[in-house]
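# Structure assessment
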Amino acid sequence: MSNSSERVLVAVAWPYANGPLHLGHVAGCYLPPDIHARFEIAKGNKVLMVSGSDEHGTPITVSAEQNNVKPQDIVDEYHEINYQALQDLGCIWAKNIDQRGADYGGALFNRTTDDAHKKIVQDNFKSLYEAGFFETKVMEQYYEINPNGGGRFLPDRYVEGDCPECGASEARGDQCDECGTTYEAAELRNPKSKMNPEFKIEIRETEHLFYRLDLFQDALQGYYDLNSSRWKSNVRAMTKQWLDMGLRPRAVTRDLDWGIDVPLEGEDWVGKCIYVWFEAVQGYLSCSQIWASRYSEPSDWEKWWRISEDETPRHLYFLGKDNIPFHTVIWPAIIMGLNHVNKGLNASQPVGLPGKGDFPLAYDVPAMEYLMLAGGQFSKSRKHAVWLPSFLENHDPDYLRYYLGINMPENHDTDFNWPDFVEKINSELIAAYGNFVHRIRTLGAKIGGENPYSSLERPDLMTEHESHLEELHQKITNSLSQSRYKEALRGIMNGAKYGNQIIQEAAPWKHMKGGEITEEKEKSMATLAFGWRICRWLSIVSNPFLPFSAQRLWDDLGLDGDVDSQTWQSANDWRVDMTWNNVKPTPLFQRLDLEEILERENSVKTSHSEDDSVHSVKGGKKKKKGGEKMTEIEGVNFIEFDQFMAVDLKLGKILSVEDHPNADRLYVVNLDDGTEKGRTICAGLKEFYSKEEMVGMYVAFVANLAPRKLRGIFSEGMMLAADDGEGAVKLLTIDGDLSPGSQIR
């Protein structure tokens, strides 16, 4: 099968329907797959994009209990809010059937409360159970004792305490958001009930089914060895860590009444449901099947889910870094288990990698790091966020798509703040892209006529420009094919900058008042006319990133139809007939005013100070002139002077650097801090420095940061580094020699 008709499954992580999406969700999970799906469709591939609301599990029940409503009320509300917000962002979820026909795919944003999804999950559960892939084990779990005499087992998210690995407080019952460690609830230190902290809790035994992940160890290792070379470093590292630790059986049932019932007979399973981790990942498969039953032939899902002699469908999974193991270890183990039982085999027989007729495993998992908010992690539960619905009420969605595209957390965490947002829109998007296309439109309008540029063309003089843009197009294609979205978007912006450059050099305005026709004038005006073709090129290549602006530009050029219907390669068609739109040119973008935005965000926060509305923007407090307090705005994180002075910054000299024994991305740095003992700091600098480069450097470090254990080694501070957001990181050093331990001020 040719590449032009390759089948691609774009599988998107399912957001919990317990609150509105925030910008961290968008950057980490929901914008990248939309960009990629649009790119694959433009290339002519047959793309099926699937996702939906994850509506079971404790995040839902926690929200329901906190709001004194039923879980179904919570998920009904937020599914609609989030689905609408994603459409408002320009995501293609409403295009259930590809415009070329259902054989080319489509999209479905479904729900895990869908009855069809429940049946598929229960059928798969029974098949794996009957094949012997589950074992029954007694486990210890926290039990909340009601003073009235009743009680209940507490799911992981209903328990909070101190992380057993790094010591962070408010760690969840099964995972620490601070260091990423997962653990059994009984390992948590100083545990208490999240919902009723005054109630006593104790450990009790409860019986559950466990999925035999250990039976898939060898097969998953083989899968990793064959495929990980194309994966990002964070995906490789986390998957390798899980495999190196050795896989153990993992619970697939839990004591909870909100979820999919365990489909087994007997009193032992009453009040238990299928664990959401085991259920929700199957949504990629169930959603594909449900899409086919609604919008195509019922068996058409198999076109994206069966390996044939001619093709292995290419599966791409988009998610945040905290979900990596679920998509490179756990979901592949479930898929291989289903393949195994579909062949009539059972758990006593060795599990192998997928072959003809089987479900394929992920080709790539382009997981993202975190988008931070003014230095802190976005958090739905802590209300530390800029909410997507609120953002889209006030801003062009393409502004957000551009900013998150150029600031995407592909290989390291990036940061959102309002000043940087305004700067990038005004100084990059508008100054380069917007300025160029407005130039071409306004100069054409000055020339006048039905088609002002058509008579000025000289293709024989434009071959150098054509070649330059074709080369740039290939680089953008390569970047998108490898999920390097920032790099691709920079390439697109370079095309706009190139257009500005050649127009500036040609200076066509010098020749627009008539006069003698000279070779210089003819080339200058031909270059201006070629600017129309660059605009068309920009409209097509920017469409995956900026679909609203791309369509406006397409219309402004007088072109018919939708830019969505154009093929990717057609951007380089330099001989299409020129068209024109005689409507008075207006700027493609409007400049942003930072003070106006901050004033509005402050007003929104103040008006919602007593209301937990999903459209509010939450923040803390900051000082105002005269000692009055005013509301802090999300994305601008002010601190008091005393807070800054509390940070003890000192100079240290790096004496030695070793690899961290338990973390692929960390160094263990021995630092001379001016004391006899010195100190040890764990630093994630392997991507940026060799050990030899670091030894002997004088670096700035935080001396009074509380020590914390990182993968088994105590880190006693933090070295300071600058990050340009483009993948370059440099330690902060000094320009001369000073004694280690010197104060930095």
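The present account deals with the structure reproduced in this document. Small disclaimer: the values here were computed from a predicted structure and weren't measured.

Here we take up the layout of surface pockets. Of the pockets and cavities examined, the second largest pocket occupies roughly 370 Å³. Residue lining of the second largest pocket: 20 residues in total, with Lys-232, Glu-410, Asn-411, Ser-483 and Arg-484 positioned closest to the centre. For the lining of the second largest pocket, the secondary-structure elements that each account for two or more residues are α6 (233-245) and α14 (485-506). The residue makeup of the lining of the second largest pocket, split by class, is three nonpolar, six polar and eleven charged.

What follows covers the sheet that holds strand β10 (residues 250-251). Taken in spatial order, the four strands make up an open sheet running β5-β4-β9-β10, and their pairing is antiparallel. One side of each edge strand has no neighbouring strand; the edge strands of this open sheet are β5 (151-153) and β10. In the sheet, strand β4 (residues 134-145) pairs with β5 via three bridges, with the strands oriented antiparallel. By the bridge assignment for β5, Tyr-143 is matched with Phe-153.

Let's shift gears to the packing of aromatic side chains. Under the definition given, this model contains 34 aromatic pairs. Consider the rings of Phe-391 and Trp-418, whose centres lie 5.8 Å apart with planes at 5°: the pair is stacked. Of the two residues, Phe-391 is situated in helix α10 (residues 388-394) and Trp-418 in helix α12 (residues 418-447); the sequence distance between them amounts to 27 residues. In this structure Phe-391 comes out as buried when scored by relative accessible area, which is 2%. Note on Trp-418: relative accessible area 0%, which makes it buried. Of note, Arg-7 hangs over the ring of Trp-304, and the distance from its end group to the ring centre comes to 4.6 Å.

Assignment of secondary structure puts Asn-426 in helix α12. The residues contacting Asn-426, other than those within four sequence positions of it, are Ala-431, Arg-591 and Leu-592.

As paired elements, β4 and strand β9 (residues 200-211) share twelve bridges and run antiparallel to each other. From the neighbouring strand, Lys-137 faces β9, where its bridge partner is His-208. For β9 and β10, the ladder comprises two bridges, and the chain directions are antiparallel. Bridging across to β10, Tyr-211 finds its partner in Arg-250.

Our next topic: a negative patch on the surface. On the surface, Asp-593, Glu-595, Glu-596 and Glu-599 cluster together into a negatively charged patch. Here Glu-595 is to be found in helix α17 (residues 594-607). For Glu-595, a relative accessible area of 66% puts it in the exposed group.

This next bit is on the pattern of salt bridges. One pass over the full model with this rule turns up 40 salt bridges. One salt bridge connects Glu-309 with Lys-356, and the closest N-O pair in it is separated by 2.8 Å. Remark: Lys-356 occurs in the loop between α9 (324-342) and β14 (371-373) and Glu-309 occurs in the loop between α8 (283-295) and β13 (314-318); sequence separation between them is 47 residues. For Lys-356, a relative accessible area of 61% gives the class exposed. A cluster of three or more residues bridged by salt bridges with shared partners is formed by Arg-7, Lys-46, Asp-103, Asp-300 and Lys-303.

Turning to the packing of helix α5 (residues 217-227) against α6, a few remarks are in order. Following both chains from N to C, one finds α5 and α6 inclined at 155°, their axes separated by 11 Å at the closest point. Classified by the interaxial angle, the pair formed by α5 and α6 is roughly antiparallel. Crossing of α5 against α6: the hand is left-handed. Taking contact as the criterion, the partners of Gln-217, Leu-220, Gln-221 and Tyr-224 in α5 are, on α6, Arg-236, Thr-239, Lys-240 and Leu-243. Considered class by class, the residues forming the contact of α5 with α6 number three nonpolar, three polar and two charged.

Next up on the list: the environment of Phe-644. Relative to the helices and strands, Phe-644 is located in helix α18 (residues 641-645). Through-space distance from the C-alpha of Phe-644 to that of Ser-308 is 62 Å; in sequence the pair is 336 residues apart.

What counts as what
- Residues numbered from 1 in each chain as written.
- Predicted model: local features only at pLDDT ≥ 70, side-chain atom pairs only at ≥ 80, totals over all residues.
- Heavy atoms only, no water.
- 1 Å grid on protein atoms, 1.4 Å probe; cavity = no way out; pocket = protein on both sides within 12 Å on 5 of 7 lines; lining within 4 Å.
- Points joined across faces, edges and corners; volume = space filled by probe spheres on them.
- Helix = DSSP H or I, 4+ residues; strand = E, 2+ residues; numbered from the N terminus.
- Nonpolar A, V, L, I, M, F, W, Y, C, P; charged D, E, K, R; others polar.
- Pairing = 2+ DSSP bridges.
- Phe/Tyr/Trp six-rings, centres within 6.5 Å; stacked < 30°, edge-to-face > 60°.
- Buried < 20%, exposed > 50% of the residue type's maximum accessible area, 1.4 Å probe, protein only.
- Lys NZ or Arg CZ within 6 Å of the ring centre and 35° of its normal.
- Contact = heavy atoms within 4.5 Å.
- Patch = residues over 30% accessible without salt bridge, like charges linked within 9 Å, V, L, I, M, F, W, Y side chains within 5 Å.
- Areas by Shrake-Rupley, 256 points an atom, 1.4 Å probe, with all protein chains shown as cover.
- Salt bridge = Lys/Arg side-chain N within 4 Å of Asp/Glu carboxyl O.
- Lys, Arg positive; Asp, Glu negative; His and termini not counted.
- Charge placed at Lys NZ, Arg CZ, Asp CG, Glu CD.
- Axes fitted to C-alpha atoms, helices over the stretch in contact; angles between N-to-C directions.
- Parallel < 35°, antiparallel > 145°, perpendicular 65-115°, else oblique.
- Left-handed = near helix turned anticlockwise from the far one by under 90°.

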